[in-house]
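The lines below spell out each chain.
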Amino acid sequence: MMQGCYLLLGEDSWSKGQYIEKVKKEVLASGNEMMNFYEAQDKEVIVSQVQDAVDTLPFFAEQKLILLKETGLFKTGKKEETEKFETLVAHIPDYVVLLIDEKEVDKRNKLYKTMKAKAQIVEFHFPGEEAVYQFLKNACKEKRLSSDEMTLRYFIQKMPEDMAYLLGEWEKLISYVQDGVITKEAINEICIFSLETRVFEMVKKIVNHEGNEALEIYSRMIQSKESPIGILVLIARQFRMMYQVKYLLANRSPLKEISAETKLPFFVVKEMSEQVQHYQFKQLEDILEACLNTDEAIKTGKMESSKCVEMLIMNCLNG
């Protein structure tokens, strides 16, 4: 039987949501959900009201469930409320299950240290390509859909590491296919790839000096109202990661170790390890400096932002 306080961390909202629903079913199995379930989020989280909910005995049941989301108590600025909450957490009665859902916390925060000592911490991260592949493979079997491994992995690799987003695109895809066959062409036609994926594809074109294709990808992103600053940040991130991969390769680190150290998927590291062969360290440093100069030019209004990033892409192609 679940008991006490649980701190739910991580940005994988889908996995976290599945966990919360499972806890709800377990704790509220005897019914009376309206009487034995209390939920508050963000500014609605007032410690005195949470304390009242804790002090109220469950109605014709053994337990009650309290769910708090994005409390703001794990960051600086709410000292008095945080101290009250620490006391509350330290004295949770047996009949209460308290779930605290936070995307991120300051681990130096005193409340976090209290939670680490008094509560259970459950982390929710993207399950990884292999687990998602098995999930989609089983989903195809259940829905009597046909697809091969390469196509399913292509779909996964084109999506952000966000199960909620990925499954939303999956539902669109399976409702689109008419003959029950999921193909790469169908994925390209119906799915909206993440901005990160599109920038990754654009940088691949830059590396291969496929200028027209790189600029076409950029043009489509601008037409779809993506922020030039957001695109710039991801271009800089991509080349910064390439620099790091090149450095680690120069120190003879195996690809698996590089994947673990950079926290990049193995297939991305493998692709980058090939891309960096086209560059010297100095060239990558020059591109990163050009990214900084572009950022400054945009922020000081020297040139319109989309034009600034376009000029950067052209400079990268000529570098």
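Residues numbered from 1 in each chain as written. Predicted model: local features only at pLDDT ≥ 70, side-chain atom pairs only at ≥ 80, totals over all residues. Heavy atoms only, no water.

1. Some remarks on the overall build of the protein
So, step 1. When its secondary structure is counted, the protein shows 16 helices and five strands.
So, step 2. Taking the principal axes of its C-alpha atoms as reference, the protein extends roughly 70 × 50 × 40 Å.
So, step 3. Across the 319 residues of the protein, 45% fall into the buried class.
So, step 4. A separation of at least 24 residues holds for 72% of the contacts in the protein among residues at least 6 apart in sequence.
So, step 5. Split by element, the accessible area of the protein, about 18100 Å² in all, is 50% carbon and sulfur. (Helix = DSSP H or I, 4+ residues; strand = E, 2+ residues; numbered from the N terminus. Buried < 20%, exposed > 50% of the residue type's maximum accessible area, 1.4 Å probe, protein only. Contact = heavy atoms within 4.5 Å. Areas by Shrake-Rupley, 256 points an atom, 1.4 Å probe, with all protein chains shown as cover.)

2. Topic: the sheet that holds strand β2 (residues 37–41)
So, step 1. Read across the sheet, five strands follow the order β2-β3-β4-β1-β5 without closing on themselves; strand pairing throughout is parallel. At either end of the open sheet lies a strand with only one pairing partner, and these are β2 and β5 (120–123). Within the sheet, the average angular offset between the axes of one strand and its neighbour, ignoring direction, is 15°.
So, step 2. Across four bridges, strand β1 (residues 4–9) lies against β5 in parallel orientation. Considered in β5, the bridge of tyrosine 6 is made with glutamine 120.
So, step 3. Running over the sheet, helix α3 (residues 47–55) touches β2, β3 (64–69) and β4 (96–101) and is turned about 165° from β3. (Pairing = 2+ DSSP bridges. Axes fitted to C-alpha atoms, helices over the stretch in contact; angles between N-to-C directions.)

3. Here we look at the pairing of β4
So, step 1. Counting buried residues in β4 gives six out of six residues, a clear majority hidden from the surface.
So, step 2. The pairing of β1 with β4 spans five bridges and is parallel. The residue of β4 that forms the bridge with tyrosine 6 is leucine 99.
So, step 3. Note that the unit made of β3, helix α4 (residues 79–90) and β4 has a crossover that is right-handed. (Right-handed = clockwise from strand over helix to strand, strands pointing away.)

4. Quick notes on unusual backbone geometry
So, step 1. If you check the backbone angles, aspartate 42 has positive phi at about 55° while not being a glycine.
So, step 2. Inspection of the secondary structure puts aspartate 42 in the loop between β2 and α3.
So, step 3. Residue aspartate 42 is classed as partly exposed on the basis of its relative accessible area, which comes to 43%.

5. Some words on the packing of α3 against α4
So, step 1. For the pair α3 and α4, the least separation of the axes is 10 Å and the interaxial angle reads 15°. Taken together, α3 and α4 sit at an angle that is classed as roughly parallel. For the pair α3 and α4, the sense of crossing is left-handed. Packed against α3, whose contacting residues are Val47, Val50, Gln51 and Val54, the element α4 presents Glu81, Lys84, Phe85 and Leu88 at the interface.
So, step 2. Class assignment of the residues belonging to the contact of α3 with α4 gives a composition of five nonpolar, one polar and two charged. (Parallel < 35°, antiparallel > 145°, perpendicular 65-115°, else oblique. Left-handed = near helix turned anticlockwise from the far one by under 90°. Nonpolar A, V, L, I, M, F, W, Y, C, P; charged D, E, K, R; others polar.)

6. Comments concerning helix α8 (residues 163–176)
So, step 1. For α8, which comprises 14 residues, the first-to-last C-alpha distance of 20 Å matches the rise-based estimate of 20 Å (1.5 Å per residue) to within 8%.
So, step 2. Buried residues along α8 sit against α1 (13–27), α6 (129–143), α7 (149–158) and α9 (184–190).
So, step 3. A distance of 3.0 Å separates the backbone nitrogen of alanine 164 from a side-chain oxygen at the start of α8, and that oxygen is part of aspartate 162. (Expected span 1.5 Å × (residues − 1). Polar contact = N/O pair within 3.5 Å; in protein donor to acceptor, adjacent residues only side chain to side chain.)

7. Here's the deal with the pattern of salt bridges
So, step 1. Using the criterion set out here, one finds 20 salt bridges in the structure.
So, step 2. Aspartate 101 is the salt-bridge partner of lysine 16, the closest N and O atoms lying 2.8 Å from each other. One end of the pair, lysine 16, is in helix α1; the other, aspartate 101, is in strand β4, and 85 residues separate them in sequence.
So, step 3. On the basis of relative accessible area, lysine 16 is assigned to the buried category, the value being 4%.
So, step 4. Here aspartate 101 falls in the buried class, since its relative accessible area comes to 10%.
So, step 5. One salt bridge in this structure joins glutamate 216 and arginine 220, with 3.0 Å as the shortest N-O distance. Within this pair, glutamate 216 and its partner arginine 220 are both found in helix α11 (residues 211–223), separated by four residues, close to a single helical turn.
So, step 6. By relative accessible area, which is 46% here, arginine 220 ends up partly exposed.
So, step 7. Connected through salt bridges with shared partners, the residues Glu129, Glu130, Glu149 and Arg153 form a single ionic network. (Salt bridge = Lys/Arg side-chain N within 4 Å of Asp/Glu carboxyl O.)

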